[in-house]
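Survey of secondary and tertiary structure
So the chains spell out like this:
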Amino acid sequence: MNQNNVPNNQSNQGGNKNNRNKGAFGIVTIVLWAILLTLLLGSLFTPQSSDANAVPYSTFRQWVTEDKVASVTMSSSKFTFVLLEDKQAALEQQETAQQRNPLSPFFPPAEVKPKTYTTTPLSIEDEQLIPLLTEHNVEYEYTEESTFWLFFAAQILPYVFLAVSMVLLFRFISNKMGGMGGIGGVGKANAKVYVEKKTGVTFADVAGQDEAKESLEEIIDFLHNPGKYTEIGAKLPKGALLVGSPGTGKTLLAKAVAGEANVPFFSISGSDFVEMFVGVGASRVRDLFKEAAKLAPCIIFIDEIDTIGKSRDNRMGGNDEREQTLNQLLAELDGFDPTKGVIVLAATNRPEVLDKALLRPGRFDRRITVDRPNLSGRLATLQVHTRNIRLAEDVDLKKIAQATAGCVGADLANLVNEAALRAVRHGRQAVNQQDLLTSFEMVIAGAEKKGTVLTEKEKKLIAYHEVGHALVASKQKDDVMPVSKITIVPHVQGTLGYTLHLPEEEKFLMTKEDLYSEIRTLLGGRCAEELVFETKTSGAANDIERATELARKLVAMFGMSDKFGAMGLATVQNQYLDGGYGLTCAQDTAAQVDEEVRKIIEDCHNEARGILEENRADLDAVAAYLLEKETITGQEMMAILHGDDPANADNYGANPQ
Ligand code: ADP
Ligand code: ZN
């Protein structure tokens, strides 16, 4: 799922860049506009200080009393008035102009404006002015000059423009500098927290995993009805840790808990917390819990908690940032009030690296194991995912479940979808059994690689190699069908052919004999090459690597060698991923371990070769059939070994095409 997200993210980033460039252009335009407007408004509205016809107020009053004034226009800050003599003069001028111009009725000359004077009124109200004006027959009127808007336009607006453009500019610059939101806003809610008010997922969507569901049941009940618990004084765990291999449905389970309890679901990945800057992760943790508290009761889901919760005393040297983030997480876990109903679920596939402090009582003290599904779990998962898919009548999900031993829920979900796509590609209305089986191979081994041309000789080599594996496996297990499929059709993932082994159901313990027969099976391919063609091919590289690793584990970890007995020589480093381990012994001992491993490999090799020599006829028969068909099922192989016609074999209910 992660892989799918990568291209999306990239395209998003591309989009952001474009927007930013547009933003830059816009800001430049705004700044230019602001400057222009400032200049314009400034020149328009600055009061003219040198008014040529301004007279003192006293002069104005005197002229009124002397009957010199014809009219006055008053406003709160300025009186504009016209003298009688000027008015007269203007009228006369107008008349003479009209007389001189014969076309005046059609083209009247411009009106001649009389000369005007201005004066500034007293700030003390002149109560006698109006009676005085009336007495001396002066026309007067009052105009409201909108001083507020003038003032605003001339004095305030430019600053507003400037301020806005500054803000935009700063935001643009800080965006460019890596989206940190400026120095003041470091880490402020930048982490990708996904909140779903309603997840819409319920336990019905999670197939199998009954024990996990049972453990989570209590949490749901608590979210529904916290009173019931607090009354007695019971404290519920604040967090639970979901542990299991990738794709087993941990996220799905967490969502289902939120869905069942009908509360919001916050999800964040541990890797989102870890940033380059010290303190960012911690502040994100704080933000996350603050946000969650607002929507309580709710579920916080932290995926990949091992990225922040790694043991602090690990050998790689400290990572300040991660430590701070972890400390903050611990503080939040301790700090929040459990009666509020914020429950933290965390998922990991590497519980052994987690800091002990995280696992202490009151924190993630509940560990819920989410296992790989067994047969019935796989069947249930297939049923859940085929709910909305039209299935043909020949589909037998039970048989698909048998064939997919070792697959996790995500594989099965993928398988069903691939099958549906294949059905569409072939123009069918429903998914049939063959679609499901073919897509199983695609999910496990990658799509068939068309166009790789193998020579006849190569094909033969590969066929014998693969049958070698299968035969050694079946002969060691009392004729039990050991493989589900053998193919010599090249698949994308680099293998030329492969044999799909069926892991035994419900087997938790491996005996020493099991391990030895596994090693022999792995070496069976190489033995067949040697026996039939007297040669060795590079195709066995992966087999050899795996066989050697098993032998090494047998000696160093399982304490099964004669030489060292039950002495542990290595420790597991990550159990749920690839089961890696590290040797913890002296160099001398390590050399002896190598010697033991070599002996085991040699013994197993000889024994595998012995098995093939004994069953040479079967080897030839199955290899010939495989060469003809290119892909055969375990059931067909067993038919040959039993001397039946492989064409009648029951191939998981699919009709061979
Ligand atoms: P994880 O978080 O353990 O890596 P997810 O919860 O993301 O795995 O699972 C990925 C997908 O696999 C889910 O979206 C779901 O479609 C499918 N899946 C996994 N387990 C189950 C299950 N038990 N029942 C139904 N679907 C499952
Ligand atoms: Zn092989």
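Cut-offs used in this document
- Residues numbered from 1 in each chain as written.
- Chains lettered and ligands numbered in written order.
- Predicted model: local features only at pLDDT ≥ 70, side-chain atom pairs only at ≥ 80, totals over all residues.
- Heavy atoms only, no water.
- Helix = DSSP H or I, 4+ residues; strand = E, 2+ residues; numbered from the N terminus.
- Buried < 20%, exposed > 50% of the residue type's maximum accessible area, 1.4 Å probe, protein only.
- Contact = heavy atoms within 4.5 Å.
- Areas by Shrake-Rupley, 256 points an atom, 1.4 Å probe, with all protein chains shown as cover.
- Axes fitted to C-alpha atoms, helices over the stretch in contact; angles between N-to-C directions.
- Parallel < 35°, antiparallel > 145°, perpendicular 65-115°, else oblique.
- Left-handed = near helix turned anticlockwise from the far one by under 90°.
- Nonpolar A, V, L, I, M, F, W, Y, C, P; charged D, E, K, R; others polar.
- Donors = N, O, S within 2.8 Å, 3.2 Å for Na, K, Ca; no water.
- Core = buried A, V, L, I, M, F, W, Y, C linked by side-chain atoms within 4.5 Å.
- Salt bridge = Lys/Arg side-chain N within 4 Å of Asp/Glu carboxyl O.
- Polar contact = N/O pair within 3.5 Å; in protein donor to acceptor, adjacent residues only side chain to side chain.
- Pairing = 2+ DSSP bridges.
- Near = heavy atom within 4 Å.
- Patch = residues over 30% accessible without salt bridge, like charges linked within 9 Å, V, L, I, M, F, W, Y side chains within 5 Å.
- Lys, Arg positive; Asp, Glu negative; His and termini not counted.
- Charge placed at Lys NZ, Arg CZ, Asp CG, Glu CD.
- Phe/Tyr/Trp six-rings, centres within 6.5 Å; stacked < 30°, edge-to-face > 60°.
- Disulfide = S-S within 2.5 Å.
- pLDDT = per-residue confidence, 0-100.

Our next topic: the overall build of the chain. Scanning the chain from terminus to terminus reveals 22 helices and 15 strands. A buried classification covers 42% of the 657 residues belonging to the chain. Of all intrachain contacts in the chain linking residues separated by at least 6 positions in sequence, the fraction that spans at least 24 positions is 75%. Of the roughly 36,400 Å² that the chain leaves accessible, carbon and sulfur atoms contribute 53%.

On to the packing of helix H19 (residues 541–556) against helix H20 (residues 587–614). Running from N to C, H19 and H20 cross one another at 125°; their axes reach a closest spacing of 9 Å. In terms of orientation, H19 lies oblique with respect to H20. For the pair H19 and H20, the crossing hand works out as right-handed. Packed against H19, whose contacting residues are Ala547, Thr548, Ala551, Arg552, Leu554 and Val555, the element H20 presents Val593, Asp594, Glu596, Val597, Ile600 and Ile601 at the interface. Taken together, the residues of the contact of H19 with H20 break down into eight nonpolar, one polar and three charged.

Bringing the coordination of the zinc ion (ligand 2) into the picture now. Binding of the zinc ion (ligand 2) to the protein goes through His465 (NE2), His469 (NE2) and Asp543 (OD), at separations of 2.0 to 2.1 Å. We classify Asp543 as buried; its relative accessible area is 10%.

If you look at the biggest cluster of nonpolar residues, it comprises 28 residues, and the most contacted ones within it are Ile486, Leu612, Leu619, Val622, Leu626, Ile632 and Met637. Those residues in contact with Leu626 that sit more than four places away from it in its chain are Ala463, Val467, Ile486, Thr487, Ile488, Thr631 and Ile632.

Once that is clear, we can look at the pattern of salt bridges. The full count for this structure, using the stated rule, is 22 salt bridges. The partner of Arg422 in a salt bridge is Asp435, with the nearest N and O atoms 2.5 Å apart. Of this pair, Arg422 sits in helix H15 (residues 409–425) while Asp435 sits in helix H16 (residues 433–445), and the two are 13 residues apart along the sequence. The burial state of Arg422 is the same as that of Asp435; both residues are buried. Via salt bridges that share partners, Glu530, Lys536, Arg609 and Glu613 belong to a single interconnected network.

In this section: the side chain of Thr537. The topology assignment puts Thr537 in the loop between helix H18 (512–533) and H19. Within polar-contact distance, the side chain of Thr537 engages the backbone nitrogen of Gly539 at 3.3 Å. In this structure, Thr537 is in contact with Leu461, Arg526 and Glu529, ignoring residues within four places of it in sequence.

Our focus in this paragraph is the sheet that holds strand E9 (residues 342–348). Paired through backbone hydrogen bonds, the strands of a sheet run either parallel or antiparallel to each other. Spatial ordering of the open sheet is given by E5-E7-E8-E9-E6-E10, a layout of six strands whose pairing is mixed. Of all strands in the sheet, those bounded by a partner on one side alone are strand E5 (194–196) and strand E10 (366–369). Strand-to-strand twist of the sheet, defined as the mean angle between neighbouring strand axes without regard to direction, takes the value 20°. With five bridges connecting them, strand E8 (residues 298–303) and E9 associate as parallel partners. Among the inter-strand pairings, Cys298 is bridged to a residue of E9, identified as Val342. In this fold helix H8 (residues 250–261) packs onto E5, strand E6 (239–243), strand E7 (265–269), E8 and E9, with an angle of close to 170° to the strand it touches most, E8.

Next up on the list: the site of ligand 1. Looking at ligand 1, there are 16 residues lining it, with Ala207, Gly247, Lys250, Thr251 and His385 nearest. Within the backbone of Leu252, one N or O atom sits 3.0 Å away from an oxygen atom of ligand 1. With respect to ligand 1, the backbone of Ala410 contributes an N or O atom lying 3.4 Å from an oxygen atom. In isolation ligand 1 exposes 560 Å². Once the protein is present, 84% of that is buried. Elements with a contribution of two residues or more to the shell around ligand 1: H8, helix H13 (375–385) and H15. Here the shell around ligand 1 is built from residues that sort into six nonpolar, eight polar and two charged.

Here we come to the packing of helix H17 (residues 456–476) against helix H21 (residues 616–629). One way to put it is that H17 packs onto H21 with a least axis distance of 9 Å and a crossing angle of 130°. Classified by the angle between their axes, H17 and H21 sit oblique to one another. Seen along the crossing, H17 lies across H21 with a hand that is right-handed. Of the residues in H21, those touching H17 at Lys459, Lys460, Ala463, Tyr464, Val467, Gly468, Leu471 and Lys475 are Asp618, Leu619, Asp620, Val622, Ala623, Leu626 and Leu627.

The subject of this paragraph is a negative patch on the surface. A cluster of acidic residues, Asp210, Glu211, Glu214, Glu217 and Asp371, forms a negative patch at the surface. Along the chain, the position of Glu211 falls in helix H6 (residues 210–224).

A few words now on the packing of aromatic side chains. In the structure shown here, the tally under the stated rule is ten aromatic pairs. Ring centres of Phe265 and Phe301 lie 5.9 Å apart, and the angle between their planes is 20°; this geometry places the pair in the stacked category. Placement of the pair is Phe265 in strand E7 and Phe301 in strand E8, with a sequence separation of 36 residues. When the ring of Tyr464 is compared with that of Phe533, the centres are 5.6 Å apart and the planes differ by 85°; the resulting orientation is edge-to-face. With a gap of 69 residues between them, Tyr464 in helix H17 and Phe533 in helix H18 connect regions that are remote in the sequence.

What follows concerns the state of the cysteines. A covalent bond bridging the sulfur atoms of two cysteines is what the word disulfide describes. Considering all chains together, one arrives at zero disulfides under this definition. Cys604 supplies the cysteine sulfur nearest to Cys527, a cysteine that is in no disulfide, at a spacing of 9.8 Å. The buried category is assigned to Cys527, whose relative accessible area is 0%.

Further remarks concern unusual backbone geometry. Of note in this structure, Glu534 is not a glycine but carries a positive phi near 50°. On the secondary structure map, Glu534 appears in the loop between H18 and H19. Since its relative accessible area comes to 72%, Glu534 is described here as exposed. One non-glycine residue, Glu630, lies in the positive phi region at around 70°.

Moving on, we get to the confidence of the model for the chain. Confidence along the chain averages 78 in pLDDT terms, with 78% of residues attaining 70 or more. Ranking the helices and strands of the chain by mean pLDDT puts H20 first, with 92, and helix H1 (residues 2–45) last, with 54. This model gives residues 1–22 a pLDDT under 50, and the stretch forms four contacts once residues within four places in sequence are excluded. Counting interchain partners and residues more than four positions distant, the pLDDT-below-50 stretch residues 178–189 has 17 contacts.

Now for a nonpolar patch on the surface. Residues Phe151, Ile156, Val160 and Val164 make up a contiguous nonpolar surface patch of roughly 330 Å² in combined accessible area. Within the secondary structure layout, Val160 lies in helix H5 (residues 147–176).

Here we come to the sheet that holds strand E1 (residues 69–74). Spatially, the four strands line up as an open sheet ordered E3-E2-E1-E4, and their pairing is mixed. In this open sheet, the two edge strands, each paired with only one partner strand, are strand E3 (116–119) and strand E4 (139–142). Between one strand axis and the next, the sheet turns through 20° on average, direction left out of account. Two strands pair when backbone bridges link them, and E1 and E4 are joined in this way by four bridges, in the parallel orientation. Within E4, the position partnered with Thr73 by the bridge is Glu141. Packed onto the sheet, helix H2 (residues 57–65) meets E1, strand E2 (79–83) and E3 and runs at close to 40° relative to E2.

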